[in-house]
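So you can see what is in the structure, the chains are spelled out below.
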Protein chains: 2
Amino acid sequence: MKLYSYFRSSAAFRVRIALNLKGLSYDTQAVHLLKQGGEQHSAEYVAINPSELVPTLLDQQYVLTQSLSILEYLEEAYPKTALLPQNLQQRAQIRAFAQHIACEIHPLNNLRVLQCLEQTLAVSNTEKTAWYQHWIKLGFHSLEQQLQQSNGQYCFGEQASFADCCLIPQVYNAKRFQIDLTEYPKIQSIYTHCMQLAAFHQAAPEQQADWE
Amino acid sequence: MKLYSYFRSSAAFRVRIALNLKGLSYDTQAVHLLKQGGEQHSAEYVAINPSELVPTLLDQQYVLTQSLSILEYLEEAYPKTALLPQNLQQRAQIRAFAQHIACEIHPLNNLRVLQCLEQTLAVSNTEKTAWYQHWIKLGFHSLEQQLQQSNGQYCFGEQASFADCCLIPQVYNAKRFQIDLTEYPKIQSIYTHCMQLAAFHQAAPEQQADWE
């Protein structure tokens, strides 16, 4: 497998965690989202992923895009070390949690949106940080409530799931923007626990070859 | 089943389509996103969905949130009239398309984000429309390319899938904001076709009891 990745992309970080949890080996091809106007816009990359977004995963002849779709694919193609339980209600709960991050928090704070606020709407740095923090806090408030039954190690149940694959990169980002995590004790506890595990730790931005 | 819905919510529209396609009957409970500061923030609704977002689907004792998670649940619990094919690559392609809408387009243009731009960042109406159109056009450009193999009736293959459940509400919204669809012939053709089908037509905002 080959993963087109950027060290700081939290969508790529999700997929790196899932690949590691499942023990699947892969080569990484770095796509720098800032250099030369963004390598994701290069003709070479657009030919692979016309959406001009990372990550992209190549598995045999398959070209896979969108991190949550990639997670579902990995779960179906490589069911060993399941990242979803069998119970339908629990699966729905975990997917809803993952999608809360992927649909309600991350899209508002990713690089291209922050660039648009700055460059098109001439939003100041202070306002941009306030925007970022607003969506994180609103989202984390909901996530923390969804985690009330968590054992403080993983989001749901006794092992890692799609929920942890999405939560850890989002918390990593929040820490970069100085969000006070003490208001979210379950989130903080799960983050601390998971980041000690090899699958999560080795997927982190600073462990990537393209880290700066 | 009981669906907490708002006629104009495109996330609720997705779920209404899926329920109709699968022939599942449900009661609708309207949640007005604007009246009285937004009924999704009422104590009664927050007790059901602490994320304060629509839709929520109640099925027996299950409380289901996040539209794409609800679609996955419906597919697993009620497999008749499948909305995903069996082939792993096709499933991944359809999910990536649906997530492109749910993660890259819709989150930037939903009510609470437009309200935040206006109220917090004091963005003008003209700038707000430009913001809306920017993300739609960027997203539709990618979607149109993903649809090159489409038969012009459905997004992928010979029947409706998660992709159509997500595309039709997004196009409905785009039309409200005067997006010129002639640049996206596949999208336009699929929209025209699907909106003639009862499952889609009856899920549309103007067919809802809470339509204004």
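None of these values were measured; they are calculated from a predicted model.

Novice: Help me out: how do you make sense of the interface of chain A and chain B in this one?
Specialist: You'll often see interface size given as the accessible area lost when the parts meet. Contacts between the two partners involve 42 residues from chain A and, on the opposite side, 42 residues from chain B. Summing the contributions of chain A and of chain B, the shared interface buries around 3,900 Å²; its carbon and sulfur component is 60%. Summed over the shared surface of chain A and chain B, the number is eight salt bridges. The salt bridge involving Arg95(A) is made with Glu76(B); its shortest N-O contact spans 3.0 Å. Between chain A and chain B we count 16 residue pairs in polar contact (both at pLDDT 80 or more) in total. In terms of residue count, the dominant contributor to the side of chain A that touches chain B is helix H4 (residues 88-109) of chain A (13 residues). Classifying every residue of the side of chain A that touches chain B by side-chain character gives 22 nonpolar, 13 polar and seven charged.

Novice: I would appreciate a short explanation of the side chain of Glu104(A) in the present structure.
Specialist: Mapped onto the fold, Glu104(A) is located in helix H4. Judged by its relative accessible area of 12%, Glu104(A) falls in the buried class. Ignoring sequence-local partners within four residues, the contact set of Glu104(A) consists of Gln99(A), Leu53(B), Gln66(B), Asn110(B) and Arg112(B).

Novice: Any chance you could explain helix H6 (residues 125-146) of chain B here in plain terms?
Specialist: Counting along an α-helix, one turn takes 3.6 residues, and residues three or four places apart therefore face a common direction. With 22 residues, H6(B) should reach 32 Å at 1.5 Å per residue; the first-to-last C-alpha distance of 32 Å fits that figure. The complete set of buried residues in H6(B) reads Lys128(B), Trp131(B), Tyr132(B), Gln133(B), Trp135(B), Ile136(B), Gly139(B), Phe140(B), Ser142(B), Leu143(B) and Glu144(B).

Novice: In this structure, what is going on with the relation of the copies chain A and chain B? I would like to understand it.
Specialist: Taken together, a rotation about one axis and a shift along it account for how the two chain copies relate. After a rotation of 180 degrees and a shift along the axis of 0.0 Å, chain A superposes on chain B with an RMSD of 0.0 Å. On this basis, the relationship between the two copies can be described by a two-fold rotation axis. No C-alpha of chain A approaches the rotation axis more nearly than that of Cys103(A), which lies at 2.3 Å. Looking at the interface residues of chain A, 100% of them are also at the interface in chain B, so both copies use one shared face.

The rules behind the values
Residues numbered from 1 in each chain as written. Chains lettered and ligands numbered in written order. Predicted model: local features only at pLDDT ≥ 70, side-chain atom pairs only at ≥ 80, totals over all residues. Heavy atoms only, no water. Contact = heavy atoms within 4.5 Å. Buried area = accessible area lost by both parts, 1.4 Å probe. Salt bridge = Lys/Arg side-chain N within 4 Å of Asp/Glu carboxyl O. Polar contact = N/O pair within 3.5 Å; in protein donor to acceptor, adjacent residues only side chain to side chain. Helix = DSSP H or I, 4+ residues; strand = E, 2+ residues; numbered from the N terminus. Nonpolar A, V, L, I, M, F, W, Y, C, P; charged D, E, K, R; others polar. Buried < 20%, exposed > 50% of the residue type's maximum accessible area, 1.4 Å probe, protein only. Expected span 1.5 Å × (residues − 1). Least-squares fit on C-alpha atoms with pLDDT ≥ 70 in both.

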